[in-house]
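Summary of structural features
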Amino acid sequence: EMLCEEEIEAVLAHELGHLKCEHGIWLSAANASLLGAGSALPLVARIFQPLIDGFNEELMVWQRASELSCDRAMLLAAQEPWIPL
């Protein structure tokens, strides 16, 4: 009830953009690798911590880029830039 029909379509287009680009699969794989690296032996985890931190930063950059790509999908579906705002 809070969104009009065009706004609902824009939100759905954004989420379908995530599905089309398979963002969930890549994000799950990245998170699983981070969890696996963090649950290793404490000494090994400490040695690889800078590598893990760098990977985590790159993952956040990728997440922001994936959101922007899905925002573009939303704009393509809406065909009017003020609807998603």
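To keep things clear, this report deals only with the structure shown in the data block. (Residues numbered from 1 in each chain as written. Predicted model: local features only at pLDDT ≥ 70, side-chain atom pairs only at ≥ 80, totals over all residues. Heavy atoms only, no water.)

Scanning the protein chain from N- to C-terminus turns up 4 helices and 0 strands. The linear arrangement of helices and strands in the protein chain, starting from the amino end, is α-α-α-α. The buried share of the protein chain, reckoned over its 85 residues, is 19%. Considering only contacts in the protein chain between residues 6 or more positions apart, those separated by 24 or more positions represent 67%. Of the roughly 6700 Å² of accessible surface on the protein chain, a fraction of 67% belongs to carbon and sulfur atoms. (Helix = DSSP H or I, 4+ residues; strand = E, 2+ residues; numbered from the N terminus. Buried < 20%, exposed > 50% of the residue type's maximum accessible area, 1.4 Å probe, protein only. Contact = heavy atoms within 4.5 Å. Areas by Shrake-Rupley, 256 points an atom, 1.4 Å probe, with all protein chains shown as cover.)

This part takes up the environment of Leu-76. Mapped onto the fold, Leu-76 is located in helix H4 (residues 49–78). Linking Leu-76 and Ala-13, residues 63 residues apart in sequence, is a C-alpha distance of 8.5 Å.

With 16 residues, helix H1 (residues 5–20) should cover 22 Å at 1.5 Å per step; its first-to-last C-alpha distance of 22 Å lies within 8% of that length. When we look at burial in H1, the residues that qualify are Ala-10, Ala-13, His-14, Gly-17 and His-18. For H1, the buried positions fall inside an angular range of 145 degrees around the axis, keeping them on one side. Summarising the geometry of H1, the exposed residues directed more than 90 degrees from the buried face are Glu-5, Leu-16, Leu-19 and Lys-20. Once H1 finishes, Glu-22 follows within two positions and takes phi at roughly 55 degrees, a positive value. (Expected span 1.5 Å × (residues − 1). Arc of directions from axis to C-beta.)

A few words now on a nonpolar patch on the surface. A surface patch of nonpolar side chains, amounting to about 750 Å² of accessible area, comprises Met-2, Leu-3, Ile-8, Val-11, Leu-12, Leu-16 and Leu-19. Tracing the backbone shows Leu-12 in helix H1. (Patch = residues over 30% accessible without salt bridge, like charges linked within 9 Å, V, L, I, M, F, W, Y side chains within 5 Å. Salt bridge = Lys/Arg side-chain N within 4 Å of Asp/Glu carboxyl O.)

Let's shift gears to unusual backbone geometry. A positive phi angle is found at Glu-22, which is not glycine, with a value near 55 degrees. Structurally, Glu-22 can be placed in the loop between H1 and helix H2 (23–38). Looking at Glu-22, the relative accessible area reads 43%, which means it is partly exposed. Of note in this structure, Gln-79 is not a glycine but carries a positive phi near 65 degrees. With respect to the element layout, Gln-79 can be found in the segment after H4. Accessibility expressed as a relative area gives 60% for Gln-79, which makes it exposed.

The next thing to look at is the side chain of His-14. Within the secondary structure, His-14 is located in helix H1. A relative accessible area of 9% means that His-14 is categorised as buried. A polar atom in the side chain of His-14 sits 3.0 Å from the side chain of Asp-71. When residues no more than four places from it in sequence are discounted, the contact partners of His-14 are Glu-67, Cys-70, Asp-71 and Met-74. (Polar contact = N/O pair within 3.5 Å; in protein donor to acceptor, adjacent residues only side chain to side chain.)

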